[in-house]
Structure formats: structure tokens, C-alpha cells
Amino acid sequence: MQFVDKELARRFEACEEMPQVLYARVFQRTRPEIGAAEETICGGHMIFAGLGSPIGRATGLGLDRPFTESDLDCVERFYRSHHAPSQVDLCPLHDAAVFEMFKERGYGIAELNNVLYRRLDAKEDFPAPPRGYEIRRGLPEEARELGGIVERAFFPDGAPEAFRDLLTPLYRMDGALTFAASVEGKVVACGAGLAIPEHRIFAVCGAGTAAEFRGHGLQTALLRARLAAAAEAGCEYAVVVTQGGTPSQRNCERLGFRVAYSKVTVIKDLKQE
């Protein structure tokens, strides 16, 4: 069993940190009205990608160096300047004093998620996809179509504005590894992820299956395809962040992922100050 220390946790946290950084950079070019921004701080990044967006937290802070009151002051100034709540990801590898600092500042819990990981091996062989289905690389020009499959999987009655067309930029990022599953030429499922070479981590994300094709093993096949591609790209670990007990977590665990730790996103409404 792999022992997860601060150094490894710092690498795992890149799974959520670096995609957000790249999203902010894309939005700066393509949607300047959002006012997206990202800055390095305390070994990680703080990211803003629009009010109400699911993207935009401070992540990766304080795992390779002390996280001080001064650092938290900087985080709060950053989010206050964007008229947004301050949100920070923390994991059990952070020092106890860090949690006490957030408690004293009046932060509450916004999310609780599990971080799962799996070591990759470029020599590993995976079974063929389900009979009758084709698994292939996703194409940038398919980004909106494939992203729509994910949106409908999570929001069958229509995605909120902040979640609409959210995956399209990912398909054009350096390091993106995207796959589609089709039957008789019709795309019915997809899965994506991002290789992060500086940490040798593959961030698993962006998966969905059309309702009438669920239960056919397509997400397992798509995950296997992404793991093989990530290993070939030189990644040492695949990492996924999920809520506990979800089908996504169970599917990952069937393929050898294990929980490294649970992490919490803490939040503070700065408007009340």
C-alpha cells in the first residue's frame, strides 16, 4: 500500500488545482467579461473563474511550506477583489494549526470529497471494450457535443447557467486526454482528463453516458482507455475526486483506485465583513 505523505498529497492536489488554473487562463482569452484570474500563493494557486462558477478555489496551498495568517490574508484579499466568497481546499495532511486558523476566521464547510488514486503502468493490458461499441479519442470539434452528454448525465432537466458548456475548453487544453464511445456511429458516452506533467499526475474528469446506454460498461471501458493513455504520456498516478458512495467512486474502485484521503472545501462570505 502506498503511504500518502505531504509530498504525495501535494501532487494529488494538482488534480483539481491545475485544471482550474488552465480554465482561468482560457477564460481570460475567450471570456474577458468574467474577469477570470489565477495567482500562485503558498505553493499552490488561488483561482477565480466567475461568480457562481464551480471552478474557482484556492488549492494546493500549505503542503510544501507553512500556511500562515499572512497567506490567508492574501487569499481573502484576492477573492474580495473579485467580490466572491473565499474558498480553500484542505486535506488531513495539513497541519492542525491550519484548521484552527480557518475555524477562528469563521469558515464553514462547503464540500466534502474523497481523493482516489491509482498507480499507472504503461505495460498494463486492459480488456477490449464491450462488444458492438467503439472507444476512440475525442476530437476538439466534438467538445460541445461530448460536453452535452456530461451535462445531461448530471442535469437531465437542464444544466444551470454556470455549468453550461463547461467542458468545451478542456478539450483544447495541452495535456487533455479525451475519449468517446460510439455504437453504429452514434456517440453515446465520453470521458476526459488532463495530464499534468510537472506532477506526473493524470486528473480524471468529465465523464458521462447517455441515459439509454448506461449499465453497458462504457464508463469502465472509457476509464481504462484514459488510464492507458495517461501511462503512455508519462503519468505515474491517476487521481479522481468524487463524493463518497457515488457510482463514479465505485467504478473507479473496481479498477483499482483507492481512497488516499477525504478533503474539505471551506468557505467564507467576505461580504459580511
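Structure's up top.
Residues numbered from 1 in each chain as written. Predicted model: local features only at pLDDT ≥ 70, side-chain atom pairs only at ≥ 80, totals over all residues. Heavy atoms only, no water.

A. Quick peek at the overall build of the chain. Per the secondary structure count, the chain includes six helices and 11 strands. A globule of 273 residues ought to have a C-alpha radius of gyration of about 19 Å, and the chain, at 19 Å, matches this closely. Across the 273 residues that make up the chain, the buried fraction comes to 53%. Of all intrachain contacts in the chain linking residues separated by at least 6 positions in sequence, the fraction that spans at least 24 positions is 70%. Carbon together with sulfur atoms contributes 51% to the accessible area of the chain, which is approximately 13300 Å² in total. In the chain, 33 positive and 38 negative side-chain charges are present, and the distance between their average locations comes to 3 Å. (Helix = DSSP H or I, 4+ residues; strand = E, 2+ residues; numbered from the N terminus. Rg over C-alpha atoms; globule rule 2.2 N^0.38 Å. Buried < 20%, exposed > 50% of the residue type's maximum accessible area, 1.4 Å probe, protein only. Contact = heavy atoms within 4.5 Å. Areas by Shrake-Rupley, 256 points an atom, 1.4 Å probe, with all protein chains shown as cover. Lys, Arg positive; Asp, Glu negative; His and termini not counted. Charge placed at Lys NZ, Arg CZ, Asp CG, Glu CD.)

B. Local environment of the packing of aromatic side chains. Applying the stated criterion across every chain, the model contains eight aromatic pairs. Measuring from ring centre to ring centre gives 4.9 Å for Phe78 and Tyr79, while their planes differ by 90 degrees; the resulting arrangement is edge-to-face. By relative accessible area, which is 4% here, Phe78 ends up buried. Residue classification places Tyr79 among the buried residues on the basis of a relative accessible area of 1%. (Phe/Tyr/Trp six-rings, centres within 6.5 Å; stacked < 30°, edge-to-face > 60°.)

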